[in-house]
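Results of the structural survey
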Amino acid sequence: MGCAMSETVSPTPIRQDSLRTEEMLINMGPQHPSTHGVLRLVVRTDGEMVREAWPHLGYLHRCFEKVAESVTYAQVVPYTDRLDYLASMNNAQAFCLGVEKLGRIEVPERASALRVMVAELNRIASHLVAFGSFAMDLGAVTPFLYAFRERELIISILEKISGGRLLYHYPRIGGVARDLTPGLDQEIRDFLKQMRRVWPEYNALLSENQIFVKRTANVGTVTREQAIAWGLTGPCLRGSGVKFDLRKAQPYSGYEKYDFEIPVGEGAKGTVGDCWDRYWVRMVEMMESCRIIEQALDGLPEGPIQSKVAKVLRLPLGEVYVPCENPRGELGFFIVSDGKTQALRIKARGPSFNNLSITHTVCQDVLIADVVAILGSIDIVLGEVDR
Amino acid sequence: MKIDEIHARLLKQFGDCAIAPLAVPEAGDPYITISPEAFHAVCRWLRDESEMAFDYLRLISGVDWTDRFGSVYHLYSYTRGHSVTLHVDLPREAPRVASVADVWPTADWHEREAYDLVGIVYEGHPELARILLPDDWEGHPLRKDYRMPEEYHGVCNV
């Protein structure tokens, strides 16, 4: 019996001239684990090679901009939390800054410093998810567990400040919702110490890992010109060697007072602008954020955390666009007021939407596995792509 | 370069038929309104003129101003470090303006979005299809006179 079986499955010898290849259209997603949400990529493949990849979006669309026109300005803030849900603090801050500029609302210094502090904590948390999920996309599960260990510390700090673990509704128009609770100062300092201690471990585990480097270096290279033309911002822009950070170029919330560096991609493992460079910019940014948080804590001014703002705000006629440096790049809200209590138009310019738009340009004649690496290195959040 | 200088240079280059007086609203950012006919040439000039060098298109927003539609462009120059806001006003019955996807590739998706949600037609766009809503969706939700459909493929919306 056993002998008969092995005879039937004995393979036919494959000869080169008997192989037939043809192009195939394949759907990656919308339910694909490496798409970080519900993104559908239509890829035209030839064997293992991807000739073209077309992103199809909108699976998470809930028309934030329509909702935002039908509620008061203060009521928009919690909706902004849900755009890039890995960076709620940064989103709400960007929206509040826009409203404050249009309404000429002063923000107390202590509130600005607290905003900077929570925004940078959130940036580290967001980059930790990027680090962990990027590694997982490439088949390494362990870094994800490391990342979530440290992220938990941040979440627990932000929970003590705001009451929320993911969606905080903490920055408010004219200030922030709550002051630091007793003992939190020390807890944040302890976290910074821990983060600085484990950062070299992360690098030993992943950044310098030979398999990881092989999968990311010289893969998905975006040139400086391409990055600018396609409106890439944040680590994706800096990964391509453009030294630009809104916190330096158009400072808000007092970022001009803080001392920090802007890391850029240098092609350390391959070419400038490859997946590894984008990844590395995020790694260095985590350490720079630690420096900012420390300075914010050291120089935290005394005083109120909220200025007097009408419950139902009526903004003067006009329009404003205030861009902020989010973990994924430039987030700005274009707010148009016609003098009523609700905006005439609120448009969110999110980094994920724009960064994703380069997919088709980069994913040409690459391996299927590289598409996953490229998407992971762009680090999108579909909640913001689809809005 | 400040926006009033940019405006003066634009006036000199394109004349007052193409460039409206600088708009300075009660609050917020000033902006320059460009006629739809001259818009594409203005964008190309703003990108290529070395003193302007607007290499980065931040966003395009379609706006329903109730009496007209508008397409709003926020530009920034990495080399010069200055920014400008451009408005194009379009009639309600036929909101059409030239696509700038050939000037800034990033305009591709922004124009698709403004077409999808506001219904502005960008002429010369490589593939002006809906981007966020399903292809068979009817109407443009960000128009002020939009009425939400009561059902979509048998799913009740009310």
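Residues numbered from 1 in each chain as written. Chains lettered and ligands numbered in written order. Predicted model: local features only at pLDDT ≥ 70, side-chain atom pairs only at ≥ 80, totals over all residues. Heavy atoms only, no water.

Considering the domain arrangement of chain A
Residues and elements named next belong to chain A. Domain parsing of chain A yields domain 1 (2-56) and domain 2 (64-386). The interface of domain 1 with domain 2 comprises 19 residues on the first partner and 19 residues on the second. Contact between domain 1 and domain 2 buries roughly 1700 Å² in total, counting both sides, with carbon and sulfur atoms accounting for 67%. The tally of links between domain 1 and domain 2 comes to one salt bridge. (Domains from an automatic or database assignment. Contact = heavy atoms within 4.5 Å. Buried area = accessible area lost by both parts, 1.4 Å probe. Salt bridge = Lys/Arg side-chain N within 4 Å of Asp/Glu carboxyl O.)

Re a nonpolar patch on the surface
Residues A:Met136, A:Val141 and A:Leu145 make up a contiguous nonpolar surface patch of roughly 270 Å² in combined accessible area. Tracing the backbone shows A:Met136 in helix α5 (residues 109-137). (Patch = residues over 30% accessible without salt bridge, like charges linked within 9 Å, V, L, I, M, F, W, Y side chains within 5 Å. Areas by Shrake-Rupley, 256 points an atom, 1.4 Å probe, with all protein chains shown as cover. Helix = DSSP H or I, 4+ residues; strand = E, 2+ residues; numbered from the N terminus.)

Quick notes on the packing of aromatic side chains
Here a ring pair, both rings aromatic, is described through the centre-centre distance and the interplanar angle of the planes. If you walk through the whole model with that rule in mind, you get 24 aromatic pairs over all chains. Taking 6.3 Å as the distance between ring centres and 25° as the angle between the ring planes, the aromatic pair formed by A:Phe131 and A:Tyr279 counts as stacked. With A:Phe131 in helix α5 and A:Tyr279 in helix α12 (residues 275-298), this residue pair connects regions lying 148 residues apart in the sequence. The same class applies to A:Phe131 and to A:Tyr279, which are both buried. On the numbers, 5.4 Å between centres and 55° between planes, the contact of A:Phe244 with B:Tyr76 is tilted. Taken together, the residues A:Phe244 in the loop between α10 (235-239) and α11 (246-249) and B:Tyr76 in strand β4 (residues 69-76) connect one chain to another. By relative accessible area, A:Phe244 is classed as buried at 9%. Taken together, the aromatic side chains of A:Phe131, A:Phe134, A:Tyr146, A:Trp199, A:Tyr202, A:Phe212, A:Trp276, A:Tyr279 and A:Trp280 make up a single cluster linked through ring pairs. (Phe/Tyr/Trp six-rings, centres within 6.5 Å; stacked < 30°, edge-to-face > 60°. Buried < 20%, exposed > 50% of the residue type's maximum accessible area, 1.4 Å probe, protein only.)

Considerations on the interface of chain A and chain B
Contact with chain A, which involves 43 residues of that partner, is made by 38 residues of chain B. Together, the buried faces of chain A and chain B total about 3500 Å²; carbon and sulfur atoms form 60% of this surface. Seen at the junction of chain A and chain B, the total is five salt bridges. Where chain A packs against chain B, one counts 21 residue pairs in polar contact (both at pLDDT 80 or more). Of the residues that constitute the side of chain A that touches chain B, the class distribution is 23 nonpolar, eight polar and 12 charged. (Polar contact = N/O pair within 3.5 Å; in protein donor to acceptor, adjacent residues only side chain to side chain. Nonpolar A, V, L, I, M, F, W, Y, C, P; charged D, E, K, R; others polar.)

A look at the layout of surface pockets
Taken as a whole, the largest pocket holds about 610 Å³ of empty space. A:Pro55, A:His56, B:Arg112, B:Glu127 and B:Arg130 are, among the 25 residues lining the largest pocket, the residues nearest its centre. At the level of secondary structure, the elements contributing two or more residues to the lining of the largest pocket comprise β3 (49-56) and α14 (359-362) of chain A together with α3 (107-118) of chain B. Residue composition of the lining of the largest pocket, grouped by class: 12 nonpolar, seven polar and six charged. Residues from two domains meet in the lining of the largest pocket; each of domain 1 (2-56) and domain 2 (64-386) of chain A gives at least three. Put simply, the second largest pocket is a space of about 390 Å³. (1 Å grid on protein atoms, 1.4 Å probe; cavity = no way out; pocket = protein on both sides within 12 Å on 5 of 7 lines; lining within 4 Å. Points joined across faces, edges and corners; volume = space filled by probe spheres on them.)

As for unusual backbone geometry
Residues and elements named next belong to chain A. Despite not being glycine, Arg104 has its phi angle at roughly 50°, a positive value. Counting through the fold element by element, Arg104 comes out in the loop between α4 (88-103) and α5. The backbone of Asp365 sits at a positive phi, close to 55°, despite the residue not being glycine. In this fold, Asp365 is placed in the loop between α14 and β9 (366-367).

Thoughts on the pairing of strand β8 (residues 345-349) of chain A
All names here are of chain A. Taking burial as the measure, the five residues of β8 include five buried ones, the bulk of the element. Residues Arg345, Lys347 and Arg349 point to one face of β8 and Ile346 and Ala348 to the other, with burial holding for every one of them. Alignment of strand β7 (residues 329-337) against β8, held across five bridges, turns out to be antiparallel. The residue bridging Val336 from the neighbouring strand is Arg345, located in β8. (Pairing = 2+ DSSP bridges.)

What to know about the side chain of A:Asp245
Residues and elements named next belong to chain A. Checked against the element boundaries, Asp245 lands in the loop between α10 and α11. Under the relative-accessibility criterion, Asp245 is labelled buried at 2%. Sequence-distant contacts of Asp245, that is, excluding residues within four places in its chain, are made with Arg238, Ile262 and Glu325.

A closer look at the nonpolar core
If you look at the biggest cluster of nonpolar residues, it comprises 162 residues, and the most contacted ones within it are A:Met117, A:Phe333, A:Ile335, B:Leu46, B:Tyr73 and B:Leu86. Looking at this core, you find at least three residues from each of domain 1 (2-56) and domain 2 (64-386) of chain A. Contact partners of A:Ile335, with chain neighbours within four places excluded, come to A:Tyr73, A:Phe95, A:Gly98, A:Val99, A:Leu102, A:Gly318, A:Glu319, A:Val320, A:Ala343, A:Arg345 and A:Ile346. (Core = buried A, V, L, I, M, F, W, Y, C linked by side-chain atoms within 4.5 Å.)

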